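Structure assessment
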Amino acid sequence: MKTTSTTDNASSATPYYVVRHSKIHGNGVFAARKIPEDTCIIEYQGKRISGKEAERRENLKPADSFHTFFFSLESGKIIDGGDEGNDARWINHSCEPNCEAREEDGKIFIYALRDIKRGEELYYDYGLIMEQRHTPALKKAYQCLCGTPSCRGTLLAPKRRKKQAA
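Below is a summary of the structure that appears in this document. (Residues numbered from 1 in each chain as written. Predicted model: local features only at pLDDT ≥ 70, side-chain atom pairs only at ≥ 80, totals over all residues. Heavy atoms only, no water.)

Some thoughts on the overall build of the protein
Counted only if it meets this: Think of it this way: any DSSP run of H or I at least four residues long counts as a helix, any run of E at least two long counts as a strand, and we number them from the N terminus. Three labels apply to residues, based on accessible area from a 1.4 Å probe with only protein chains included: buried if under 20% of the type maximum, exposed if over 50%, partly exposed otherwise in between. Pairs of residues are marked as contacts when any of their non-hydrogen atoms sit within 4.5 Å. Per-residue and other accessible areas follow the Shrake-Rupley method at a 1.4 Å probe size, with only the shown protein chains counted as cover for residues.
Looking only at helices and strands, the protein features 2 helices and 10 strands. For the protein, the α and β elements follow one another from N to C terminus as β-β-β-β-α-β-β-β-β-β-β-α. Put simply, the protein has 166 residues, and 36% of those count as buried. The contacts of the protein with a sequence gap of at least 6 include a subset with a gap of at least 24, amounting to 63%. When the accessible surface of the protein is totalled, it reaches about 10400 Å², and 50% of it is carbon and sulfur.

As structure tokens, then:
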């Protein structure tokens, strides 16, 4: 496993990524140089808040605002990347990601799923979990713009199907 810095010893002067405008959505994070598979690129940072505080903050937003920087931890805490966050909050979603988020010791790190070429945009699958019914309106509110062949059309994680009784 690589270190959690944004550079490695081979070329410590060159960071792994740069933030710039994305064709997918707003800002994006792009490989500033080749990133080898399984490299830890960046830690997702932000203020740690409770679920109750996340709900309060969500309710302060306009009803038609579905943009979020929340990242849930196994402990039930939430990282709010919009509050004291870093560049990791600009990594966009894709249904065919080249990165993944891993929780390690209560922290979230973004790792390369494969070798990533210089200039490629970094993506992970947000897999947003919503308890309510995934109505067409909700799916549209969390519309995916990745345009990949396997795009599921939404940032929402697929609902698990209930098992049929035998």
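Some thoughts on the pattern of salt bridges
Heads up, the condition is: Salt bridges are defined by distance alone: a side-chain nitrogen of Lys or Arg within 4 Å of a carboxyl oxygen of Asp or Glu.
Scanning the entire structure with this criterion turns up 9 salt bridges. Arg102 is the salt-bridge partner of Glu100, the closest N and O atoms lying 2.8 Å from each other. A residue is classified by how much of its surface remains accessible, and Arg102, at 23% relative accessible area, is partly exposed. Residues joined by salt bridges that share partners form a network here, namely Glu53, Arg56, Arg57, Asp80 and Asp83.

A few points about the sheet that holds strand β5 (residues 70-72)
As a reminder of what qualifies: By this definition, two strands are paired if DSSP reports at least two bridges between them. Axis lines are fitted to C-alpha atoms, over the contacting stretch for helices. Their N-to-C directions set the angle, which ranges from 0 to 180 degrees.
Here 3 strands make up an open sheet; going across it, the order is β4-β6-β5 and the pairing antiparallel. For this open sheet the edge positions go to β4 (47-49) and β5, each flanked by a neighbour on one side alone. Averaged over all pairs of adjacent strands, the angle between strand axes in this sheet comes to 30°, irrespective of strand direction. Sheet analysis places β5 next to strand β6 (residues 78-80), joined by 3 bridges and oriented antiparallel. Paired with Phe71 across the bridge in β6 is Ile79. Taken strand by strand, helix α1 (residues 51-60) contacts β4, β5 and β6, and its axis lies near 105° from that of β4.

Details of the packing of aromatic side chains
Inclusion rule: Pairing of aromatic side chains here covers Phe, Tyr and the six-membered ring of Trp, requires ring centres within 6.5 Å, and sorts the geometry by plane angle: under 30 degrees stacked, over 60 edge-to-face, intermediate tilted. Consider the ring centre and the ring normal. A charge sits over the ring if Lys NZ or Arg CZ is within 6 Å of that centre and within 35 degrees of that normal.
One pass over the structure, following the stated rule, counts 4 aromatic pairs. Where Phe69 meets Trp90, the ring centres are 5.4 Å apart and the plane angle is 85°; that geometry is what we call edge-to-face. Placement of Phe69 in the loop between α1 and β5 and of Trp90 in the loop between β6 and β7 (92-93) is noted, with a sequence separation of 21 residues between them. Exposure remark for Phe69: the relative accessible area of 18% places this residue in the buried category. For Trp90, a relative accessible area of 22% gives the class partly exposed. In textbook terms, an aromatic cluster arises when at least three aromatic residues are bridged by ring pairs, as seen for Tyr44, Phe71, Tyr124 and Tyr126. One Lys or Arg, Arg20, reaches over the ring of Phe30 and ends 4.0 Å from the middle of that ring. Of note, Arg89 hangs over the ring of Phe69, and the distance from its end group to the ring centre comes to 5.8 Å.

Re the pairing of strand β1 (residues 17-21)
Pairing analysis gives 5 bridges linking β1 to strand β2 (residues 27-31), with the strands arranged antiparallel. The residue bridging Val19 from the neighbouring strand is Val29, located in β2. What sits between the antiparallel neighbours β1 and β2 is a turn of 5 residues, in which Gly26 has the positive phi angle 50°.

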